[in-house]
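What follows is each chain in one-letter form.
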Amino acid sequence: MEENDTQSGEGHSRRTFMKATGAATAATTVGLSAREVEAEEHSMNALLKDMSIEEKAGQMIQPVVNSLDPEADSTFDDVSLIGDLITDVAAGSLLSGGSLPPTTDPQELVQKVNALQEYTIDNSPHGIPFFYGVDAVHGACYLDGATVFPHRLNMGATRDPDTIERAEQHTAAVLEATSCHETFAPTLELQRDPRWGRFFEGISEDPKVLSDISAARIRALESNDRVTSTVKHFAGYEVPENGNDRAAANVSMRDLRETLLPPFEVAIEEGPGMIMVNSGSVNGVPAHASRWLLTDVLRDEYGFEGVVISDWNDLFRMIDRHQYLPNTEEGRRSAVKVAIEAGLDMVMLGGGGLTPPEFVSHVRTLVSTGELSEKRIDRSVGRILELKRDLGLFENPYADSSDLTSLVGNDESMEVATDLARESMVLLKNDPVTEGDDSALPLSGNENVLVTGPGIDPETGIENRILMQYGGWTLGWQGIEGGSLTEGGPRPAGTTMVAELEAALGKGQLTHVPTDFDRSKWWSIPEDTTHENGKYGFTDRQRSAVESSAPDADVVVVVLGEGPHNEGFGDRDTLQLPATQREILQTVVKNTSDDTTIIGVEYAGSPRGNDETFRHLDALLFAGEPGSGGGKAIVETLFGENNPSGKLGFTWPRKAGHVPNYHNAWPSSRHEPLYPYGYGLSYTSFEYSNLTVTPSNVGKPDGCRTITVHVDVENTGDVAGDHIVEVFNTEFYGSVIARDNRVVGYERVRLDSGEKKTVSVDIDLKVLEVVPGDVPALAPKVVEEGEYKLAVDPDSDGSVTLTVRKTGSVGSARHVPGRFDMNGDGDVTVADVVEIYRLSKDE
């Protein structure tokens, strides 16, 4: 059933009132107020009534632009100028994707966006401003010199939503100052399948961790009245059956409702302005064609009131990717029709497939023939206009860039970036070099150090390891400048590991032998069966340099990992490290003595490598893609100035054939991993005692929704350190199989050597909900009665028991929209019939 008209532009949305100030709620329109027309005469409904169907359709598109000059060529062949997107099509939004706007100079960018906005107001039919979308997905990664925060897989390793929220507040401030209004973040995909090219965009394989960190990111972005977040990709995107991007997902209703959808429900409670749709298909239906996903669940169940947008060219992907419709004019028009009917509001057009004029033409035809009602179009356009009102664009469409210089790459943002990078360092291995010695790390600082591994462009000679440090979506979709670095090209803020080592070590202590790393041919990688996210070389000259330097080194740091990548270009069939990197490591091993310390530092967006390679290392530090603070964080960790506290947010499988392999799967589904979820070593040791839960006995779950686990944590080692206390539900017997080791809560704590603290972890019983019933899994979610074992170490014998005496729902009552059990009490009664009748009358 369609939602009430009160959500379509008349009145203010729930999100409007969630904004930090009321400045964005003025009911004026920019073009009209600029012409000194009384604001009260031009409400949203009046504006909608006055717009033509063509102008309304124009508001529903977000075309990509490669220039911000109205007289410049546009991306689309039949819309020759950027200005034509405004005068002829009246585009409601503009996009510069790939974290690479037409200019990466901050001041020039805001000037050009402001100027184009002025052109829009003066030259479009009603002077309606556009909103401008960019990929600020891990900081202001679209600007030269900006602070780039660690990538999403690093964020998950920190288990620190508070610091991540501070980081995103900085991102929002820079977006506002550069006249950018929308960022395509956060990404709410569970890290289920490391073959998937977007694995690094995930935060964790655990729904609780993903939910908490995503909610923090949304809160920070939405706290800025001039910025909106775009939660993506709704839903089921992360479980493609073959591990490839934008592929078909076959997922059970139970898994979808228990793990894949809940993070979106949590995110929507924070009031994001936009939701982006899954590019793939779910159980045989393209997500863009699924009314169940986009209306029944997203709007009716979760109460989302904002704008639903497609991803890049995804309407046409229903034709050429999913083969859901034929590639004919009728098929393309049908793609527009089924997507809008399903619940889509705005279409991202990336220069292929549908063009802006074609979309407008299809909407005009569909409305004129009665296949789409203008009322349905008005709902979408009303949401878009309301979002612009929330962003303050009708009141003031132009950005104030007076603080821009002090914002981009400032000391405060670099401090937060470095703190997050420190917290995200995951120490996977730290063995004694020889029997009886201390562990390989930390280093003393007196050693002679050799650093080798991928890090130089074979064509230009430019050191390019920063591509591995920052990853994709950094001044380019596939990494900085698409991987082809130039001397004068844009760069993020921050320093490299080698630069920090040079500063930390005395003169003559560091030898650097970078080996070949060519990322410039990224578009050919899917044709390469090794899927190494780059081409790696080890020339005779580089080999000779390693062979001559290694015997004199006390410590050899071998850089391992993968280059930047994104989407289908990052899909991989193997989790092995590239053969060349293994060859470099073997060369080091052959040319060093048994008492030489060999350390691996891995930059990667996925778990690359196995025990066959790692057994040659004395220590292994997984740095992920740590961003601007990464160089400093790595070196501080190597020398013990930073005690590593990061914990894997995903399971590290032994081989690709073990995928999928995640900690909260159903029993008998998992292989023994190389490193389990939550793994990460420290330079100190921690012990638990006195584990309790209060209350330990609850009646109906909605009557006592929050319980608290208490545990004493003692630092029994010699140095101070942070520790993540993670609470798991390890055992339960109910009507359906209980998942292994569900995370129900966590807390970071810092302890000095010998210090003990009682850590309290609040747990919302909603995390214990399951979908009961037989295979179809259509019943309302409930917390079932019974005894739940809770532990802070799933492999230990210590646990406490929570007893739930009565089965009941904690969250929303309607867990399967459209089912006859409308109030979710498990029975179909007169009350349910009355509710169905009420909804039918509303329609």
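Residues numbered from 1 in each chain as written. Predicted model: local features only at pLDDT ≥ 70, side-chain atom pairs only at ≥ 80, totals over all residues. Heavy atoms only, no water.

### A closer look at the environment of leucine 617
What counts is decided by this rule: Secondary structure elements follow DSSP: runs of H or I of four or more residues count as helices, runs of E of two or more count as strands, with numbering from the N terminus. Residue contacts are defined here by distance: any two heavy atoms, one from each residue, within 4.5 Å place the two residues in contact.
Mapping leucine 617 onto the fold places it in the loop between α23 (611-614) and β18 (619-624). Sequence separation between leucine 617 and lysine 429 is 188 residues; the distance between their C-alpha atoms is 8.1 Å. Beyond its immediate sequence surroundings of up to four residues, leucine 617 is in contact with Lys429, Leu560, Leu585, Ile598, Ile599 and Gly600.

### Here we look at unusual backbone geometry
As a reminder of what qualifies: Relative accessible area decides the class of each residue, using a 1.4 Å probe on protein chains only: under 20% of the type maximum gives buried, over 50% gives exposed, and in between gives partly exposed.
In this chain, leucine 441 is followed by proline 442 through a cis amide linkage whose omega measures 5°. Take proline 442: it is sitting in the loop between β12 (426-430) and β13 (449-456). We note that glutamate 481 has phi near 50°; this positive angle belongs to a residue other than glycine. Under the relative-accessibility criterion, glutamate 481 is labelled partly exposed at 24%. Of note, asparagine 741 is a non-glycine position whose phi angle comes to about 50°, a positive value. With a relative accessible area of 15%, asparagine 741 lands in the buried category.

### Describing the pairing of strand β14 (residues 510-518)
Put simply, the rule reads: Whether two strands pair comes down to DSSP finding at least two bridges between them.
As paired elements, β13 and β14 share seven bridges and run parallel to each other. Bridge assignment links valine 451 to a residue of β14, and that residue is histidine 512. For β14 and strand β15 (residues 535-537), the ladder comprises three bridges, and the chain directions are antiparallel. In the strand pairing of β15, aspartate 518 is matched with lysine 535.

### Let's talk about the pairing of strand β17 (residues 597-603)
Put simply, the rule is: When the strands point away from the viewer and the path from the first strand over the helix to the second turns clockwise, the crossover is right-handed.
Of all seven residues in β17, seven are buried; the element is thus mostly enclosed. Along β17, one buried face is formed by Thr597, Ile599, Val601 and Tyr603 and the opposite face, lined by Ile598, Gly600 and Glu602, is buried too. Inspection of the sheet shows strand β16 (residues 555-561) paired to β17 by seven bridges, in the parallel sense. Opposite leucine 560, over in β17, you have glutamate 602 as the bridge partner. This β-α-β element, β16 to helix α22 (residues 579-590) to β17, shows right-handed connectivity. Bridging between β17 and β18 involves five bridges; their strand directions are parallel. Looking at β18, one finds that glycine 600 is bridged to leucine 620.

### A short note on the confidence of the model for the protein
Where we set the bar: What pLDDT conveys is the predictor's confidence in a given residue, as a value from 0 to 100.
Residues with a pLDDT of 70 or more make up 91% of the protein, whose mean pLDDT is 91. Confidence drops under pLDDT 50 across residues 1-41; counting only partners more than four residues distant or on other chains, this segment forms 108 contacts.

### Focus on the side chain of serine 211
Stated precisely, the cut-off is as follows: Under this definition, polar contacts are N or O atom pairs within 3.5 Å; protein pairs additionally need one hydrogen-donor-capable and one acceptor-capable atom, and for neighbouring residues in sequence, both atoms have to be side-chain atoms.
You can see serine 211 is positioned in helix α9 (residues 207-222). Within the structure, the side chain of serine 211 is placed 2.6 Å from the backbone oxygen of proline 207, a separation counted as a polar contact. In this view, serine 211 contacts Pro262, Pro263 and Val266; residues no more than four positions away in its chain are not counted.

### Quick notes on the packing of aromatic side chains
Within a pair of aromatic rings, the relevant descriptors are the distance that separates the centres and the angle that separates the planes. Basically, it comes down to this: Between rings of Phe, Tyr and Trp, where Trp is taken as its six-membered ring, a pair exists when centres lie within 6.5 Å; planes separated by under 30 degrees are stacked, by over 60 edge-to-face, and by other angles tilted.
Taken as a whole, this structure holds 13 aromatic pairs when the rule is applied. Ring centres 5.3 Å apart and planes at 75° place the aromatic pair phenylalanine 199 and phenylalanine 650 in the edge-to-face group. Here phenylalanine 650 lies in the loop between α24 (630-638) and β19 (686-694) and phenylalanine 199 lies in the loop between β4 (182-183) and α9, a separation of 451 residues in the sequence. Residue classification places phenylalanine 650 among the buried residues on the basis of a relative accessible area of 1%. On the basis of an interplanar angle of 90° and a centroid distance of 5.0 Å, the ring pair of phenylalanine 234 and phenylalanine 264 is categorised as edge-to-face. Of this pair, phenylalanine 234 sits in strand β5 (residues 228-234) while phenylalanine 264 sits in helix α11 (residues 262-268), and the two are 30 residues apart along the sequence. Residue classification places phenylalanine 234 among the buried residues on the basis of a relative accessible area of 0%. Given a relative accessible area of 0%, phenylalanine 264 falls into the buried group.

### Side note on the sheet that holds strand β9 (residues 285-286)
Strand pairing in a sheet relies on backbone hydrogen bonds. The paired strands run either parallel or antiparallel. Within the open sheet, the three strands sit side by side as β6-β8-β9. Their pairing is mixed. Edge positions in the sheet fall to β6 (248-249) and β9, since each has one partner strand and no second.

### Some words on helix α8 (residues 161-177)
Threshold: Between the first and last residue of a helix there are one fewer steps than residues, each counted as 1.5 Å, and that sum is the expected span.
Taking 1.5 Å of rise per residue, the 17 residues of α8 would be expected to cover 24 Å, and the 24 Å separating its terminal C-alpha atoms lies within 8% of that figure. Burial runs high along α8: twelve of the 17 residues are buried. Those residues of α8 not exposed but buried are Pro161, Thr163, Ile164, Glu165, Ala167, Glu168, His170, Thr171, Ala172, Val174, Leu175 and Ala177. Once α8 ends, the next one or two residues include serine 179, with phi positive near 65°.

### Regarding the sheet that holds β17
What counts is decided by this rule: All axes here are fitted lines through C-alpha atoms, helices being fitted over the stretch that makes contact, and every angle between N-to-C directions spans 0 to 180 degrees.
Read across the open sheet, the seven strands follow the order β12-β18-β17-β16-β13-β14-β15; overall the sheet is mixed. Two strands close off the open sheet at either side, each with one partner strand: β12 and β15. Each strand axis lies, on average, 25° off the axis of its neighbour in the sheet, ignoring direction. Along the sheet, α22 contacts β13, β14, β15, β16 and β17; its crossing angle with β16, the most-contacted strand, is approximately 170°.

### Thoughts on the pattern of salt bridges
The line we're drawing: In the sections that follow, a salt bridge refers to a side-chain nitrogen of Lys or Arg positioned within 4 Å of a carboxyl oxygen of Asp or Glu.
Scanning the model with the defined rule gives 45 salt bridges in all. Glutamate 358 serves as the salt-bridge partner of arginine 332, at 2.6 Å between the closest nitrogen and oxygen. You can see arginine 332 sitting in helix α14 (residues 329-342) and its partner glutamate 358 sitting in helix α15 (residues 356-368), a full 26 residues away along the chain. No difference in accessibility class separates arginine 332 from glutamate 358, as the two residues are buried. Put simply, arginine 389 and glutamate 386 hold a salt bridge, and the shortest N to O gap is 3.3 Å. On the criterion of helical spacing, the pair formed by arginine 389 and glutamate 386 is a turn pair, its members being three residues apart in helix α16 (residues 374-390). A network of salt bridges, in which partner residues are shared, links Arg152, Arg198, Glu201, Asp245, Arg246, Asp311, Asp314, Arg317 and Glu567.

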